[in-house]
Amino acid sequence: MLGFNHAFRGLLQMFRSERNFKIHILIFAFVAALGIYFNISFSDWTSILLVSGLVLSLEVINSAIEKVCDLYSTEKSEKIKNIKDISAGAVLIAALFAVVIGMMVFFPYFE
Ligand SMILES: Nc1ncnc2c1ncn2[C@@H]1O[C@H](COP(=O)(O)OP(=O)(O)OP(=O)(O)O)[C@@H](O)[C@H]1O
């Protein structure tokens, strides 16, 4: 159970200090509220929860990579820029897929 404690502490730290993580949590809360409002199907919930979990966990990994970079050096560096940009790219890919899946799921409910 101690492992969970550390993990929850990490998430709390993410919530307190990472603006993007808070924004993604807010978007997830809004999408979940829409899902409840439209009473979306079980398979629609599966798609939404899977892609939301992917975006949120990649956001956490991205922040961890940024912190490792900053630990190594906070000086301006082309290599650190590349690492951070690539890591942010992973979040962007998941977020773009999340938008597409969100539209596919909710489009029929708006018709
Ligand atoms: N040491 C550095 N040298 C050069 N460029 C950097 C450096 N640190 C950050 N950057 C640039 O600034 C961007 C944002 O990095 P930062 O560590 O501030 O993350 P952030 O504010 O949490 O943003 P995000 O979560 O959107 O990546 C990086 O993607 C990179 O392009």
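Keep in mind it's a predicted model, so treat the numbers as computed, not measured. (Residues numbered from 1 in each chain as written. Predicted model: local features only at pLDDT ≥ 70, side-chain atom pairs only at ≥ 80, totals over all residues.)

K.L.:
Describe in detail the overall build of the protein, supporting the description with residues and values.
P.N.:
The helix and strand tally for the protein stands at 4 helices and 0 strands. Its helices and strands taken in sequence order, the protein reads α-α-α-α from the N to the C terminus. A compact globule built from 111 residues should have a C-alpha radius of gyration of about 13 Å, whereas the protein, at 17 Å, is more than 25% larger. Each principal axis of the C-alpha atoms in the protein carries an extent, and together these give about 50 × 35 × 20 Å. Looking at the protein residue by residue over its 111 residues, the buried ones come to 11%. For the protein, the proportion of contacts with a sequence separation of at least 24, taken over those separated by at least 6, is 71%. (Helix = DSSP H or I, 4+ residues; strand = E, 2+ residues; numbered from the N terminus. Rg over C-alpha atoms; globule rule 2.2 N^0.38 Å. Buried ≥ 20, exposed ≤ 12 C-beta atoms within 10 Å, placed from the backbone. Contact = placed C-beta atoms within 7 Å.)

K.L.:
Please provide a residue-by-residue account of unusual backbone geometry, values included.
P.N.:
Phi is positive for N39, close to 50 degrees, though the residue is something other than glycine. Inspection of the secondary structure puts N39 in the loop between α2 (19–38) and α3 (42–72). Assessed through the 8 C-beta atoms surrounding it within 10 Å, N39 is described here as exposed.

K.L.:
Kindly report on the UniProt feature "binding site: a divalent metal cation" (unreviewed entry) in the protein, identifying the contributing residues and their values.
P.N.:
Per the UniProt record, "binding site: a divalent metal cation" (unreviewed entry) is annotated on E18 and E66. These annotated residues cover 49 residues of sequence, but their C-alpha atoms sit close together, with the largest distance between any two at 11.2 Å. Of note, E18 is situated in the loop between α1 (2–17) and α2. Looking at the element boundaries, E66 is found in helix α3. The exposure class assigned to E66 is partly exposed, which follows from the 16 C-beta atoms found within 10 Å. (UniProt positions renumbered as here; feature names shortened; annotations may be inferred.)

K.L.:
Describe the packing of α3 against helix α4 (residues 78–110), and please don't skip the residues or the numbers.
P.N.:
For the pair α3 and α4, interaxial distance at closest approach is 9 Å and the crossing angle is 170 degrees. One way to sum up the angle between α3 and α4 is to call them roughly antiparallel. Here the contact of α3 with α4 is composed, by residue class, of 18 nonpolar, 4 polar and 4 charged. (Axes fitted to C-alpha atoms, helices over the stretch in contact; angles between N-to-C directions. Parallel < 35°, antiparallel > 145°, perpendicular 65-115°, else oblique. Nonpolar A, V, L, I, M, F, W, Y, C, P; charged D, E, K, R; others polar.)

K.L.:
Break down the packing of α2 against α3 for me, with residues and values.
P.N.:
Axis separation between α2 and α3 bottoms out at 10 Å; the angle between their running directions is 175 degrees. With respect to their mutual orientation, α2 and α3 come out roughly antiparallel. Taking contact as the criterion, the partners of N20, F21, H24, F28, V31 and G35 in α2 are, on α3, W45, I48, S52, V55, L56 and E59. Residue classes in the contact of α2 with α3 are distributed as 7 nonpolar, 4 polar and 1 charged.

K.L.:
Break down the site of the ligand for me, with residues and values.
P.N.:
Inspection of the region around the ligand gives N20, N62, E66, T74, K76, S77, I80, K81, K84, D85 and A88 as its neighbouring residues. For the shell around the ligand, the elements supplying multiple residues, two or more each, are α3 and α4. For the shell around the ligand, the element with the highest residue contribution is α4, accounting for 5 residues. The residue inventory of the shell around the ligand, partitioned by class, reads 2 nonpolar, 4 polar and 5 charged. (Near = placed C-beta within 6 Å.)

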